[in-house]
Amino acid sequence: MSLDDAALRDAIARTAWFHSMALRTGIVTPGAKSEALLAAEANAILGPLDLAGRSVLDVGAWNGFFSFAAKRRGAARVLATDSFTWRHPAYRGRETLELARGELGLDVETLELDPTELDTAPTGSFDVTLFLGVFYHLIDPIRAIQALRRITRLVLVIETHQDALWLRRPAMIFYPGAELDNDPTNWWGPNRALMCGLLRSAGFARVFYQDHPMAGPGGPYPLRRRGIYHAFADDAARSAAPAPAAWIDLATPDALQGLLVRG
Ligand SMILES: C[S@@+](CC[C@H](N)C(=O)[O-])C[C@H]1O[C@@H](n2cnc3c(N)ncnc32)[C@H](O)[C@@H]1O
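These numbers were taken from a predicted model, which means no experiment stands behind them.

A.B. asks: Help me out: how do you make sense of the environment of Thr123 in this one?
C.D. replies: Looking at the element boundaries, Thr123 is found in the loop between β5 (109–112) and β6 (126–132). Thr123 sits 99 residues away from Arg24 along the chain, and the two C-alpha atoms are 32 Å apart. Leave out the neighbours within four places in its chain, and Thr123 touches Leu111, Leu113 and Ile151.

Here it is in structure tokens:
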């Protein structure tokens, strides 16, 4: 049933939004992430990948921006999954994704799935898997990465908060309380050496890193503690996409050396 503009605005106002998305001319969801931030993220995360005809799994999709972006970029099949914000009585995330999907007319499948269930759920495998803003929310992110390796055919993309960037050795900072952003669901701040080592040991052949496009002074992540990893299953998968200039190949000797920053 189609809503008139006033009813759509009411429906949007009744739920919580992380993603700012234009659902109709003049009607944009009031997400914590702005349209400009999301456009920059989509460009950095999906821009280098040829999604035409590919299958995409979006883990922790929330309102669905990246699922919709993958579909718009030609993916044949997109599965949006989430649980925490979808089941949360205040966020009602699944309802928000379904509202947006109806308005945008995009064929995105949904499945209620917690990332801790990735290793047991019969999801099948996907060409591209997205793990954006989820790593640090899990008490055991290592198990999730291992599960993602098993179901990723070509490339896993991780976007994450980072910490311990002054350490050369692989390390993660543990936040037992609400130290990070006053959010008790934030557990870990990995450094780049940790992410690279973890992805390689899970079985990804090539790992590329870039700073988040808005990490730096004046932006939403002023301390540069935000990064994006493209982890390819093998060299053949890697060659499907030209490597953008922004990508740092973490197999290059001393690649991480220039990335050490003060705490
Ligand atoms: C920061 S949002 C990221 C949303 C989207 N992927 C993005 O990058 O814009 C974190 C997502 O992780 C999910 N999540 C999974 N497990 C979680 C947990 N244990 N605690 C909090 N959030 C969790 C949330 O439901 C939410 O969709």
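A.B. asks: So what exactly am I meant to see when it comes to unusual backbone geometry here?
C.D. replies: Where the residue is not glycine, phi is negative for most of them; where a peptide bond is considered, it is trans in most cases. For Asp181, which is not a glycine, the phi torsion comes out positive at approximately 60 degrees. Of note, Asp181 is situated in the loop between β8 (172–174) and β9 (188–190). Take Asp181: its relative accessible area is 64%, and that puts it in the exposed class. One non-glycine residue, Asn182, lies in positive phi territory at about 55 degrees.

A.B. asks: Mind showing me how you'd approach the site of the ligand here?
C.D. replies: Around the ligand, the surrounding shell holds 17 residues, and the nearest of these are His19, Lys33, Gly60, Asp82 and Leu132. Taking Asp82, its side chain carries an N or O atom lying 2.5 Å from an oxygen atom of the ligand. One of the backbone N or O atoms of Leu132 is found 2.8 Å from a nitrogen atom in the ligand. Look at the ligand: alone it shows 590 Å² of surface, and the protein chains cover 91% of it. In the shell around the ligand, the residues fall into nine nonpolar, six polar and two charged.

A.B. asks: When you look at the pairing of strand β3 (residues 55–59) in this model, what are you seeing that I'm missing?
C.D. replies: Along any regular strand, the residues point their side chains to alternate faces of the sheet. Taken across its five residues, β3 has five buried, putting it largely inside the fold. The side-chain alternation of β3 yields two buried faces, one formed by Ser55, Leu57 and Val59 and the other by Val56 and Asp58. With helix α3 (residues 65–72) bridging β3 and its parallel neighbour strand β4 (residues 77–82), the resulting β-α-β unit is right-handed. As paired elements, β3 and β6 share four bridges and run parallel to each other.

A.B. asks: What exactly am I supposed to notice about the sheet that holds strand β10 (residues 206–211) here?
C.D. replies: Strand pairing in a sheet relies on backbone hydrogen bonds. The paired strands run either parallel or antiparallel. Taken in spatial order, the eight strands make up an open sheet running β5-β4-β3-β6-β7-β11-β10-β12, and their pairing is mixed. Unpaired on one side and paired on the other, β5 and β12 (248–249) mark the two borders of the sheet. Sheet strands in contact with helix α2 (residues 35–45) are β6, β7 (152–161), β10 and β11 (226–232), and its direction is about 30 degrees off that of β11.

A.B. asks: Looking at this structure, I do not really get the nonpolar core. What am I missing?
C.D. replies: The tendency in soluble globular proteins is for nonpolar side chains to be buried as a group. Ranked by size, the top nonpolar core spans 42 residues in total, and within it Ile45, Leu51, Val56, Phe66, Phe68, Leu130 and Val157 carry the most contacts. Elements represented by at least two residues in this core include exactly α1 (5–13), α2, α3, β4, α5 (93–104), β6, β7 and β11. Setting aside anything within four residues of it in sequence, one finds Phe68 in contact with Met21, Asn63, Leu97, Ala100, Arg101, Leu104, Leu106 and Val108. Listed in part, the 33 residues of the second largest apolar core include Ala147, Met172, Leu194 and Ala255.

A.B. asks: Honestly, the pattern of salt bridges in this entry has me stumped. Any pointers?
C.D. replies: Two side chains of opposite charge can pair, provided their charged atoms sit close to one another. Summed over the entire model, instances satisfying the criterion amount to 14 salt bridges. The partner of Arg24 in a salt bridge is Glu103, and the shortest N-O contact between them spans 2.8 Å. Residue Arg24 is located in strand β1 (residues 22–24), and its partner Glu103 is located in helix α5; the two are separated by 79 residues in the primary sequence. Among the residues examined, Glu103 registers a relative accessible area of 23% and is labelled partly exposed. Its salt-bridge partner being Glu95, residue Arg92 comes within 2.8 Å of it at the nearest N-O pair. Judged by its relative accessible area of 27%, Arg92 falls in the partly exposed class. One continuous salt-bridge network, built from bridges that share partners, spans Asp5, Arg24 and Glu103.

About the cut-offs
- Per chain, residue numbering runs from 1 following the sequence as it is written.
- The predicted origin of the model limits local features to residues at a pLDDT of at least 70 and limits the giving and counting of side-chain atom pairs to 80 or more, whereas totals for whole chains, interfaces and linings rest on all residues.
- Note that water and hydrogens are dropped before the side-chain values are worked out from all heavy atoms of the structure.
- Secondary structure elements are taken from DSSP: a helix is a run of H or I of four residues or more, a strand is a run of E of two residues or more, and numbering for both begins at the N terminus.
- Residues are treated as being in contact if the distance between any of their heavy atoms lies within 4.5 Å.
- Accessibility here uses a 1.4 Å probe with only protein chains present; expressed as a share of the type maximum, an area under 20% marks a residue as buried, one over 50% as exposed, and anything in between as partly exposed.
- Note on definitions. A residue lies near a molecule or strand when any single heavy atom of the residue is within 4 Å of it.
- Each polar contact in these results corresponds to two N or O atoms within 3.5 Å; when the atoms are within protein, one needs to be able to donate a hydrogen and the other to accept it, and residues that are neighboring in sequence are counted only if both atoms are side-chain atoms.
- Per-residue accessibility takes into account occlusion by the displayed protein chains alone, with areas from the Shrake-Rupley method and a 1.4 Å probe.
- Each residue is assigned to one class: nonpolar for Ala, Val, Leu, Ile, Met, Phe, Trp, Tyr, Cys and Pro, charged for Asp, Glu, Lys and Arg, and polar for all the others, Gly among them.
- Whether a crossover is right-handed depends on one test, that the path from the first strand over the helix to the second runs clockwise when the strands point away from the viewer.
- Whether two strands pair comes down to DSSP finding at least two bridges between them.
- Where helices are involved, their axes are fitted lines through C-alpha atoms of the stretch in contact, as for all axes, and angles between N-to-C directions lie from 0 to 180°.
- As used in this record, nonpolar core signifies buried Ala, Val, Leu, Ile, Met, Phe, Trp, Tyr and Cys residues forming a set joined through side-chain atoms within 4.5 Å.
- The term salt bridge refers to a side-chain nitrogen of Lys or Arg lying within 4 Å of a carboxyl oxygen of Asp or Glu.

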